[in-house]
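# Architecture at a glance
Residues per chain are reported as follows:
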Amino acid sequence: MSEFETRAIHVAQDPDERTGGVIPPIYMTTTHKQDGVGNLRNGFEYNRAANPTRSALQEALASLEGGAFAFSFSSGMAAEDAIIRGVLKPGDHVILANDMYGGSYRLFAKVYKDWGIDFSVADLNNENELEAAFVDGKTKLVWIETPSNPLMTIFDIAKISATAHKHNAVTVVDNTFATPYLQRPLELGADIVFHSTTKYLGGHSDVLGGAVILNNEDLAKKIEFIQFAVGAVSSPFDSWLTHRSIKTLALRMDRHCFNAQSVANYLEAQTDLIEVVYYPGLENHPGHQIAARQMSGFGGMLSFKVKGGEATAKKVCSSLKLFTLAESLGGVESLVNYPAEMTHASANGTPLEVPRDVVRLSVGVEHISDILADLAQALEAL
Ligand SMILES: *Cc1c(COP(=O)(O)O)cnc(C)c1O
């Protein structure tokens, strides 16, 4: 079971011992019978600590990211919160990239700043700026999101991780956009991988979740303790749904990549209406070379700037028909989002503010001709 696609289907999915059910049951139970006080069956006791369905998902996630430990949470933000509380203490400092998910920025700016965790924002692609951002003895964590949300900036995971380690800081990579099928940050030197499994891992816009995967045992123990002590765990049913979806991740990602590349090529050719297309698979994308090195495909997300500003951007959003105007991403269905007022509204007035002429697409796995036809009719309407 060495290949990714095979592990995605078979890790922690042995047929049920008792009935032979090919798919193990969903363990909708909160507590487990003990055979005498303290004599637990396979370590299961109370389900804030561990549940068999969640444990199976965690095992699969660890295998796919090439990590020793994985923890599954009720949302991406709950997983981020566990990383922050597990790794940091009041007085510590964090370096954030200048383009990232608005909610992650908000967690630092609006929640943890008041609890004594400081941060600075830097262009992590600029070596001097990154070096200058470290506060001696205080910077404990560098947070990378690559490709970033929503501008698809690519950050060099190996290089930034090496710089962070030189300063005794830990790197976290938000791998939500790439998925472990296209990019495995732990193999590139990162310390912690984070996912909003709500997106590609879940893949069908029907289950919220988050995950943390890592190799460092000390950090894993701290995050495990937060998961247990605070309790933002994924439910058995949510864990099962996510695990079920992971089995088709490779198939879905291949199609997402193909469709997004086709859309990027199409949009780039509409030079009278579109200013720039942000997709790492385009050769003129500033991060194309690094992406080609650290990813095995360029993903299903892209953004573009329209000529004509905010009004035109909003018109594109409302003219699309196959693309549903909605937050979130990574599902089988195509979605369009206006970051400045939707996903990234909380970044307005901050260094991460998204320009008002940017439209973001989550390109689904529908037939490419239907996707392109929808974009063509929306652009014609301008
Ligand atoms: C959605 C998202 C998150 C937050 O995860 P939730 O599951 O919504 O809590 C974090 N990072 C990225 C890149 C995301 O897209």
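Residues numbered from 1 in each chain as written. Predicted model: local features only at pLDDT ≥ 70, side-chain atom pairs only at ≥ 80, totals over all residues. Heavy atoms only, no water.

### Details of the site of the ligand
As a reminder of what qualifies: Any residue with a heavy atom positioned within 4 Å of a molecule or strand is treated as near that molecule or strand. Residues adjacent in sequence count toward polar contacts only when both atoms are side-chain atoms; beyond that, a polar contact is any pair of N or O atoms within 3.5 Å, and within protein one must be able to donate a hydrogen and the other to accept it. All accessibility values rest on the Shrake-Rupley procedure with a 1.4 Å probe; residue burial counts only the protein chains present in the view. The secondary structure listing takes helices from DSSP runs of H or I that are at least 4 residues long and strands from runs of E that are at least 2 residues long, numbered from the N terminus. In the scheme used here, Gly and all other residues not listed as nonpolar or charged are polar, with Ala, Val, Leu, Ile, Met, Phe, Trp, Tyr, Cys and Pro taken as nonpolar and Asp, Glu, Lys and Arg as charged.
Lining the immediate environment of the ligand, one finds 15 residues, of which M77, D174, S196, T198 and K199 sit closest. Between the ligand and S196, the relevant distance is 2.8 Å, taken from an oxygen atom to a side-chain nitrogen or oxygen of the residue. A distance of 2.7 Å separates an oxygen atom of the ligand from a polar atom in the side chain of T198. Expressed as a share of its isolated accessible area of 380 Å², the protein-covered part of the ligand is 94%. Elements with a contribution of two residues or more to the shell around the ligand: α3 (76-87) and β6 (192-196). Per-element accounting of the shell around the ligand gives the leading share, three residues, to α3. Counted by class, the shell around the ligand contains four nonpolar, seven polar and four charged residues.

### A word on the pattern of salt bridges
In plain terms, the rule: Should a side-chain nitrogen of Lys or Arg be within 4 Å of a carboxyl oxygen of Asp or Glu, the pair is scored as a salt bridge. Burial classification: accessible surface area is computed with a 1.4 Å probe over protein chains only, and a residue below 20% of its type maximum counts as buried, one above 50% as exposed, and the rest as partly exposed.
By the definition in use, this model includes 13 salt bridges. Here E127 makes a salt bridge to K159, at a shortest N to O gap of 3.2 Å. Of this pair, E127 sits in helix α5 (residues 127-133) while K159 sits in helix α6 (residues 157-166); the two residues are 32 residues apart in sequence, bridging distant segments of the chain. Between K314 and E341 there is a salt bridge; the shortest N-O distance is 2.8 Å. A residue pair is termed long-range when its members are at least 10 positions apart, and K314 in helix α12 (residues 309-319) and E341 in the loop between β11 (335-337) and β12 (358-362) qualify at 27 residues. The partly exposed category is assigned to E341, whose relative accessible area is 41%. One connected set of salt bridges, linked through shared partners, spans E310, K314, E341 and R356.

### Side note on the sheet that holds strand β1 (residues 69-73)
Sheet strands pair via backbone hydrogen bonds, and the direction of the pair is either parallel or antiparallel. Condition: Note on pairing: two strands pair once DSSP finds at least 2 bridges between them. Note on method: axes are straight lines fitted to C-alpha atoms, helices fitted across the in-contact stretch only, with angles between N-to-C directions ranging 0 to 180 degrees.
The strand order β1-β7-β6-β5-β4-β2-β3 describes an open sheet built from seven strands, whose pairing is mixed. The open sheet is flanked by β1 and β3 (118-122), the only strands paired with a single partner. Direction aside, the axes of adjacent strands within the sheet are offset by 20 degrees on average. Both strand β4 (residues 139-145) and strand β5 (residues 170-174) contribute to a ladder of five bridges, which runs parallel. Of the residues in β5, the one forming a bridge with L141 is V170.

### Looking at the pairing of β4
Selection rule: If you view a crossover with the strands going away from you and the path from the first strand over the helix to the second runs clockwise, you call it right-handed.
Taking burial as the measure, the seven residues of β4 include six buried ones, the bulk of the element. With four bridges connecting them, strand β2 (residues 93-97) and β4 associate as parallel partners. Following the sheet pairing, H93 is matched in β4 by T139. In this region the chain leaves β4, passes through α6 and returns to the parallel neighbour β5; the handedness of that crossover is right-handed.

### Description of the sheet that holds strand β9 (residues 301-306)
Strand order in this open sheet of five strands is β8-β9-β12-β11-β10, and the pairing throughout is mixed. Looking at which strands have only one partner, the edges of the open sheet turn out to be β8 (274-278) and β10 (324-325). As defined by bridge partners, β10 adjoins β11 across two bridges and the pair is classed as parallel. In the strand pairing of β11, T324 is matched with L335.

### Things to note about the domain arrangement of the chain
Put simply, the rule is: Domain boundaries shown here were taken from an automatic or database domain assignment. Here, residues are in contact when the closest pair of their heavy atoms is within 4.5 Å. Buried area: the sum, over both parts, of the accessible surface (1.4 Å probe) that disappears when the two are put together.
The domains assigned to the chain are domain 1 (4-246) and domain 2 (250-380). For domain 1 and domain 2, the distance between their C-alpha centroids amounts to 26 Å. Counting residues at the interface gives 38 residues for domain 1 and 39 residues for domain 2. Taken together, both faces of the contact between domain 1 and domain 2 bury some 3,100 Å²; the carbon and sulfur share is 63%. In this structure, the connection of domain 1 to domain 2 is made through one salt bridge.

### What to know about the nonpolar core
Note the threshold: Buried Ala, Val, Leu, Ile, Met, Phe, Trp, Tyr and Cys residues that are joined via side-chain atoms within 4.5 Å together make up what is termed a nonpolar core.
Membership of the largest hydrophobic core comes to 33 residues, with the highest contact counts inside it found for V263, L267, V277, L302, F304 and L361. Top element by residues in this core is helix α13 (residues 368-380). It accounts for five residues. If near-sequence neighbours (up to four positions away) are discounted, L361 is found in contact with V263, L267, G300, M301, L302, F304, L320, F323, L335, V336 and L375.

### Comments concerning the side chain of H195
Along the chain, the position of H195 falls in strand β6. If near-sequence neighbours (up to four positions away) are discounted, H195 is found in contact with E65, G76, N175, T176, T179, P180, L201, G209, G210, A211 and I213.

### As for the packing of helix α2 (residues 52-65) against helix α9 (residues 236-246)
So the rule is basically this: Note: crossing handedness is left-handed where the near helix turns anticlockwise from the far helix by less than a right angle, and right-handed where it turns clockwise.
Their axes nearest at 8 Å, the elements α2 and α9 cross at an angle of 35 degrees. Classified by chirality, the crossing of α9 by α2 is left-handed. For the pair α2 and α9, contact is made by T53, R54, A56, L57, A60, L61 and L64 and by P236, S239, W240, T242, H243 and I246, respectively. Class assignment of the residues belonging to the contact of α2 with α9 gives a composition of eight nonpolar, four polar and one charged.

### A short note on the environment of D35
By the element assignment, D35 lies in the loop between α1 (4-10) and α2. Distance in space between the C-alpha atoms of D35 and F71 is 27 Å, their sequence separation being 36 residues. Here the side chain of D35 touches R41 through a polar contact of 2.8 Å, side chain to side chain.

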